[in-house]
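# Architecture and fold: a report
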Amino acid sequence: MTNFGSFKFVSRISDGSEQLPYIIRDYYDLLALKESVDEGIDFEGKHFKQVCDIDMSKYPWEGIGLYADAGKDCRQFRGIYDGDNHQILNLKFKTPCEDTGFFNCVGDGGTIKNMVIRLADDGLDKSGFNSINSDYKSKDELLKAIPVGDPNTLYWVTEDTDQKKAVWYWDGTEYKAYAMGAGVLVGYAIKHVVIDNVKTYGNLGSEKLPCSHNGAGIIIGNNRVDQPASTDQYIGLVMTNCESNVNIVGSYTKIGGIIAYNAGNLSITDCTSTGNITSYYKTNKIEDGGFGGIVGNDGYSPFGRVWLENITSLGKITTRITIEDVVNGPGQSGYGSIIGHTFQYL
């Protein structure tokens, strides 16, 4: 038995090598892997192989690893996970969730390949709440109608400032925004990460409970580059042979069929997105927005680079932002079949 933190690999013949990978058979193996990575064990260079379909319908998922404080607090998975084309079925993310995914954070040298993920319902678990209250035109209207909220209820509000749809909840003393944002496969990638032959299916967010932060069919984003990045196309986040069939509903910006936003080097080759994107965000005030069939926003770093080759975007984008908003607005929220927003130097 090999013990990596709370992850105990029972098989005596597995050593994490490519020839003898650690085996993932069920939810409990995934949970053990999550607990180990959450403890700070990154499994650098170790191989994992999923050997069967895994049904997650009874287990709201919080993701493997941790990405917090703009990447300053990370618990990264740096191993090689081979789904062997088996499926993760009926996946739902435990909410509130922000910057999450099946893997929350994949670090330098990590590889995720040959995975199939199918979401259940709208991909967001709401089991901790009994109901969703009716639509309020502003937070002030909500406060006037219900000064003290029910902690088991979600409250749907259209914020006055920017027409952004938001969900609020009562934490016992005050109303707080109910943050939700997910990339179906990965929350964030740090430095050089490879994602190959991944397929995702289903719906992420709904009209009643949209993604209120970021939303992506495969990955939210990659780490910000604060110095001139490598000109090597394959140093950074590399995505090949991926397919997203995820319909995404959001109440804010940074939504992408493949990736919500890019902040470093990004290479996408032979990838397709077929899902529809819907956002209730109205105006163009923020500086980091965008809805794109492939990339939502590419503008987080002046040093990042993007390579796109043989990509297909087939979904429909529905947004309240008009062409006039994009041209005349003070922010940088745009939309496009490939990239929603990018700086002109790219």
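Everything numeric in this text was worked out from a predicted model, so none of it was measured. (Residues numbered from 1 in each chain as written. Predicted model: local features only at pLDDT ≥ 70, side-chain atom pairs only at ≥ 80, totals over all residues. Heavy atoms only, no water.)

## A word on the nonpolar core
The biggest cluster of nonpolar side chains holds 59 residues, and the ones touching the most others in it are Tyr-81, Phe-102, Phe-103, Met-115, Ile-195, Leu-204 and Ile-268. With 5 residues, strand β12 (residues 111–125) is the single largest residue contributor to this core. The residues touching Ile-195, leaving out its near neighbours within four places in the chain, are Ile-112, Leu-185, Val-186, Ile-219, Leu-237, Val-238, Met-239, Thr-240 and Cys-242. The next biggest cluster of nonpolar side chains, apart from the first, holds 10 residues, and it includes Cys-105, Ala-216, Ile-220 and Tyr-261. (Core = buried A, V, L, I, M, F, W, Y, C linked by side-chain atoms within 4.5 Å. Buried < 20%, exposed > 50% of the residue type's maximum accessible area, 1.4 Å probe, protein only. Helix = DSSP H or I, 4+ residues; strand = E, 2+ residues; numbered from the N terminus. Contact = heavy atoms within 4.5 Å.)

## Concerning the pairing of strand β18 (residues 186–189)
Relative to β18, strand β11 (residues 103–106) runs parallel, the two being bridged by 3 bridges. Bridging across to β18, Cys-105 finds its partner in Tyr-188. Sheet topology places β18 next to strand β21 (residues 219–222); 3 bridges connect them, and they run parallel. Among the inter-strand pairings, Ala-189 is bridged to a residue of β21, identified as Asn-222. (Pairing = 2+ DSSP bridges.)

## Here's the deal with the environment of Gly-257
Locating Gly-257 in the fold gives a position in the loop between β24 (255–256) and β25 (259–262). In this structure the C-alpha to C-alpha distance between Gly-257 and Ala-216, which are 41 residues apart in sequence, comes to 5.6 Å. Here Gly-257 is in contact with Gly-217, Ile-218, Ser-244, Ser-273, Ile-277, Gly-292, Gly-293 and Ile-294, once residues within four sequence places are set aside.

## Topic: the pattern of salt bridges
Pairing of side chains with opposite charge becomes possible as their charged atoms draw close. Inspection of the entire model under this criterion finds 4 salt bridges. Across the salt bridge formed by Arg-78 and Asp-42, the nearest N and O atoms sit 3.5 Å from each other. In this pair, Arg-78 is assigned in the loop between β7 (73–75) and β8 (80–82) and Asp-42 in the loop between α1 (27–38) and β4 (47–50), connecting sequence segments 36 residues apart. Among the residues examined, Asp-42 registers a relative accessible area of 26% and is labelled partly exposed. (Salt bridge = Lys/Arg side-chain N within 4 Å of Asp/Glu carboxyl O.)

## Digging into the confidence of the model for the protein
On average, residues of the protein score 78 in pLDDT, and 72% of them are at 70 or above. The weakest mean pLDDT in the protein belongs to helix α3 (residues 323–328) at 46; the strongest belongs to β8 at 98. (pLDDT = per-residue confidence, 0-100.)

## Some thoughts on α1
Helix length check: α1, at 12 residues, gives a terminal C-alpha distance of 16 Å against a target of 16 Å (1.5 Å per residue), a fit within 8%. Among all positions in α1, only Tyr-27, Asp-29, Leu-30, Ala-32, Leu-33, Lys-34, Ser-36 and Val-37 are buried. One or two steps after α1, the chain reaches Gly-40, where phi turns positive at roughly 110°. (Expected span 1.5 Å × (residues − 1).)

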